[in-house]
Amino acid sequence: MAHFLVILLDDKRFSAIKGTEIEEKVSNLFGGALKAINVEVPEDAEKKIMETFTSARIDSRGAITDVPIAFTRAIFEEIAAQKSIGAEIFENVFSKIEEIKEAAAKESSCLPPPDIDISDIEELQKHPYQGE
Amino acid sequence: MGVFIEKPLPHGGRLVERVVRDPELGKKMAKMAKAVYDIKPTLHYETGVPVRNVYREIMSICYGFFSPVEGSMTKAELERVLKERRLLNEWVFPYPMLFDISEEDYASLGVELGDRVLLRLKGKPFAIIDVEEIYRIDPADVATRTFGTPEDNPEVVQQAFDKKHPGWVIYRSMNPVILAGKYTIINEPKLRPPFDRFWYPPRKAREEHVKRGWRTVINHQTRNVPHVGHEMLMKNAAYTGDIEPCHGIQVNAIIGVKRRGDYPDEAIVEGHEMVHLAGYIKPERHLVTICLWDMRYGNPIESLLHGIIRQNMGCTHHMFGRDHAAVGEYYDMYATQILWSKGIPSFGFPKSVNEVPYGLQIKAQNMAEFWYCPHCNEIAYSGCCNHTKEKQKFSGSFVRGMVAEGVFPPKVIFRPEVYKVIVKWWNKFEYPFCNEHYVQEKEEKLEIELPDMEI
């Protein structure tokens, strides 16, 4: 069975592929709460992914997971540039794998947190139900 | 059989409590020590990374989580546990509990049978061990026999344990000299925030259950920030009970050495707490607690320890899912549920662990899985929902990937408040999961602070 990579689409990413043929391949997850493209991974590309990223694994859905964010980001950029989810995108991504590995090494120690307001939970935590 | 389920007695009949609360008495006891030993983390036998700290076992033993165990096991007890999963007093117990030191440390300590050793942690007096026996182990042999083999335990062991298994590595990395004897904490520690408000040792947990009027309590084992699938598991499993659903839902997080990619312990405990602070479960029905233990990932073997811990805390029920406390495919994914429903003879259980002499009283609630079904438009129980083609699983790695990409998860995956707890600790640690820096710092700081004690 061919395995696949799940590329999540936030609004910005979705707008980059909107109106192209890829839009038809977008699946709605969790009742439409999340959009994604499942990109089928050719066997040789899967082998390279597993060899390059030791954290990578295949989960119970058959999805290749735990790859660096820099890698999925590069895959999406290639999809958006080529307007395709075919095998050729992996060739192009692997041509700049050293650059991706460099970025991946940095993200194993530091990832910028999302800029969201968490004051509501900090307020809730001021009144814990448990404890002395 | 009565209408109501009764709160089970502690495993072994009474709670072990070996904590000296009077500092003067603690000092007196410490002064009788013949030698002083600074507790060191157990380091991976190949990589040198910390994989365990025996202090967590001393805490859990002395506060009664592991009752009736009172200390580091003798040779005869170790052998019995490995062969039959029983202590010498007959009570079921799954894992070796050992105070191991190197040959070099043994030579410099110069201890003999009957001696008392003062154990220091982070440079301060912490506990004592009264040495009853000194013997040697072959760590590789103990590691393999702890988890079983496909040849000896063909019912559930599918492949030989090796260095990819974190529990096997813990035993394999132990030192060869074992000091056996009872532990006593002589300098009562304080849990560091945020762990302090989740510290409910068995006696306190039982008192809290009574205070809240809980007759029946179901426990949820965790080492994760709860996504909505976990929440549904807790809520639905709690419909069991006696003539009414369980009064209480107790979450017990195993806090210990972390692996890269796990969520930080702080986010795990506060994430669970947020489930009740944000009102998804009434706080009156929900209690978040911790137990200090470096997970061995022993699936059925680990489930026995989980059962013992939560029975000692006063729970009447324990939920067990598929692949309970598992990593890889070493065990059958239903091994825990098999153990609790019909037993595993090769591990010493010809019947369920509830039905063997000196077994456990806490009742298992074996659960299948929860998924999101777009057809039902709800989080569905796999035993009910027949839309198996449409189902969308709560894959842990998928959820972690989404978090790492900074995508705000939809409400059907994470409650927004729970996700914000992840972000809170992400802001602090500059990383959403445990990275090398977190793991290293955690093993230096540990979860407790000790008061000064001059001896």
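Keep in mind that this is a model prediction, so the values were computed, not measured.

Caption draft 1: The overall build of chain B, seen in detail. Counting its secondary structure elements, chain B contains 14 helices and 18 strands. The globule rule puts the C-alpha radius of gyration for 455 residues at 23 Å, and the 22 Å found for chain B is close to it. The burial tally for chain B puts 62% of its 455 residues in the buried class. The contacts in chain B between residues at least 6 apart in sequence include a share of 76% that link residues at least 24 apart. Accessible area of chain B: about 17,100 Å², with a carbon and sulfur share of 50%. Side chains of chain B carry 59 positive and 60 negative charges; the gap between the two charge centres is 3 Å.

Caption draft 2: Region of interest: the overall build of chain A. From N to C terminus, chain A includes six helices and five strands. For chain A, the sequential pattern of α-helices and β-strands runs β-α-β-β-α-β-β-α-α-α-α. Compactness check: chain A gives a C-alpha radius of gyration of 18 Å against a globular reference of 14 Å for 132 residues, more than 25% above the reference. For the C-alpha atoms alone, the extent of chain A along its principal axes is close to 60 × 35 × 30 Å. Expressed as a percentage of the 132 residues in chain A, the buried residues total 43%. For chain A, the share of sequence-separated contacts (at least 6 apart) that also reach a separation of at least 24 residues comes to 60%. Working note: accessible area of chain A is about 7,400 Å², and carbon and sulfur atoms make up 48% of it. Averaging the positions of the 15 positive and the 26 negative side-chain charges in chain A gives two centres separated by 3 Å.

Caption draft 3: Structural detail: the side chain of Ser 84 of chain A. As for its position among the elements, Ser 84 of chain A is in the loop between helix 3 (69–82) and helix 4 (88–95). Residue Ser 84 of chain A is classed as buried on the basis of its relative accessible area, which comes to 15%.

Caption draft 4: Seen up close, the interface of chain A and chain B. Between chain A and chain B, the contact holds 38 residues from the first and 46 residues from the second. Between chain A and chain B, roughly 3,600 Å² of surface is buried when both sides are summed, and carbon and sulfur atoms account for 63% of that area. Contact with chain B buries surface across chain A, with Phe 30, Tyr 129 and Gln 130 of chain A losing the most and accounting together for 23% of the total. Counting every contact that joins chain A to chain B gives three salt bridges. Here Arg 400 of chain B ties to Asp 66 of chain A by a salt bridge, and the two come within 3.4 Å at their closest N and O atoms. Viewed at the interface, chain B and chain A are joined by 13 residue pairs in polar contact (both at pLDDT 80 or more). In terms of residue count, the dominant contributor to the side of chain A that touches chain B is helix 6 (residues 119–125) of chain A (four residues).

Caption draft 5: Geometry of the domain arrangement of chain B. All names here are of chain B. As far as domains go, chain B holds domain 1 (23–137 + 174–187) and domain 2 (195–443). The partner domain 2 presents 32 residues to the 26 residues of domain 1 that form the contact. Summing the contributions of domain 1 and of domain 2, the shared interface buries around 2,600 Å²; its carbon and sulfur component is 66%. Together, Arg 56, Phe 65 and Tyr 95 form the three largest contributors to the area buried by domain 1 at its contact with domain 2, with a combined 31%. Linking domain 1 with domain 2 are three salt bridges. A salt bridge links Glu 443 to Arg 56, with the shortest nitrogen-to-oxygen separation between them at 2.8 Å. Put simply, domain 1 and domain 2 have 12 residue pairs in polar contact (both at pLDDT 80 or more) between them.

Caption draft 6: The nonpolar core, seen in detail. Residues Ile 58, Phe 66 and Phe 126 of chain B are the most contacted members of the largest nonpolar core, which totals 159 residues. Considering each element in turn, this core owes the most residues, eight residues, to helix 13 (residues 416–429) of chain B. Each of domain 1 (23–137 + 174–187) and domain 2 (195–443) of chain B contributes no fewer than three residues to this core. Among the nonpolar cores identified, the runner-up in size contains 29 residues, and Ile 7, Ile 49, Val 67 and Ile 75 of chain A belong to it.

Caption draft 7: Examining the sheet that holds strand 12 (residues 286–292) of chain B more closely. Residue and element names in this part refer to chain B. Pairing is parallel across the open sheet formed by five strands, whose spatial order is 12-11-10-13-14. Both edges of this open sheet fall to strand 12 and strand 14 (363–366), since each of them pairs with a single strand only. When the angles between neighbouring strand axes are averaged without regard to direction, this sheet yields 30°. The sheet contact formed by strand 11 (residues 248–255) and strand 12 spans seven bridges and is parallel. The residue bridging Ala 253 from the neighbouring strand is Ile 290, located in strand 12. Against the sheet, helix 9 (residues 265–277) contacts strand 10 (217–222), strand 11 and strand 12, and its axis sits at roughly 165° relative to strand 12.

Caption draft 8: Structural view of the environment of Val 16 of chain B. Residues and elements named next belong to chain B. With respect to the helices, strands and loops of the structure, Val 16 is situated in the segment before helix 1 (23–31). As for Val 16 and Asn 312, which are separated by 296 residues in sequence, their C-alpha atoms are 9.5 Å apart. Each residue touching Val 16, except ones within four places of it in the same chain, is listed here: Ile 61, Cys 62, Tyr 63, Gly 64, Ser 67, Pro 68, Val 69 and Glu 70.

Conventions adopted
Per chain, residue numbering runs from 1 following the sequence as it is written. Chain letters start at A and ligand numbers start at 1, both assigned in the order the entries are written. For this predicted model, a pLDDT threshold of at least 70 governs which residues receive local features, and a threshold of 80 or more governs which side-chain atom pairs are given and counted, while totals over whole chains, interfaces and linings are taken from all residues. Hydrogen atoms and water are omitted, and side-chain values are computed over all heavy atoms in the structure. Working definition: helices are DSSP H or I runs of at least four residues, strands are E runs of at least two. Numbering for both runs from the N terminus. Our radius of gyration is a C-alpha quantity, and the globule rule it is checked against amounts to 2.2 Å times the number of residues to the power 0.38. Relative accessibility thresholds used throughout: buried, under 20% of the residue-type maximum; exposed, over 50%; partly exposed, between the two (1.4 Å probe, protein chains only). Residues are treated as being in contact if the distance between any of their heavy atoms lies within 4.5 Å. All accessible areas in this document rest on Shrake-Rupley with a 1.4 Å probe, and a residue is counted as covered only by the protein chains that are shown. In this charge count, Lys and Arg are treated as positive and Asp and Glu as negative; neither His nor the chain ends contribute. A single reference atom marks each charge: NZ on Lys, CZ on Arg, CG on Asp, CD on Glu. Accessible area, probed at 1.4 Å, shrinks when two parts are joined; the buried area is that loss added up over both. Salt bridge criterion: a side-chain nitrogen from Lys or Arg within 4 Å of a carboxyl oxygen from Asp or Glu. In the analysis that follows, any N or O atom pair within 3.5 Å is treated as a polar contact, provided that within protein one partner can donate a hydrogen and the other can accept it, and provided that, for residues neighboring in sequence, both atoms belong to side chains. These domain limits were set by an automatic method or by a database of domain assignments. Think of a nonpolar core as a cluster: buried Ala, Val, Leu, Ile, Met, Phe, Trp, Tyr and Cys residues, connected wherever their side-chain atoms sit within 4.5 Å. By definition, two strands form a pair when at least two bridges between them are found by DSSP. Axis geometry follows a simple rule: fit a line to the C-alpha atoms, using only the stretch in contact for helices, then measure angles between N-to-C directions, giving values from 0 to 180 degrees.

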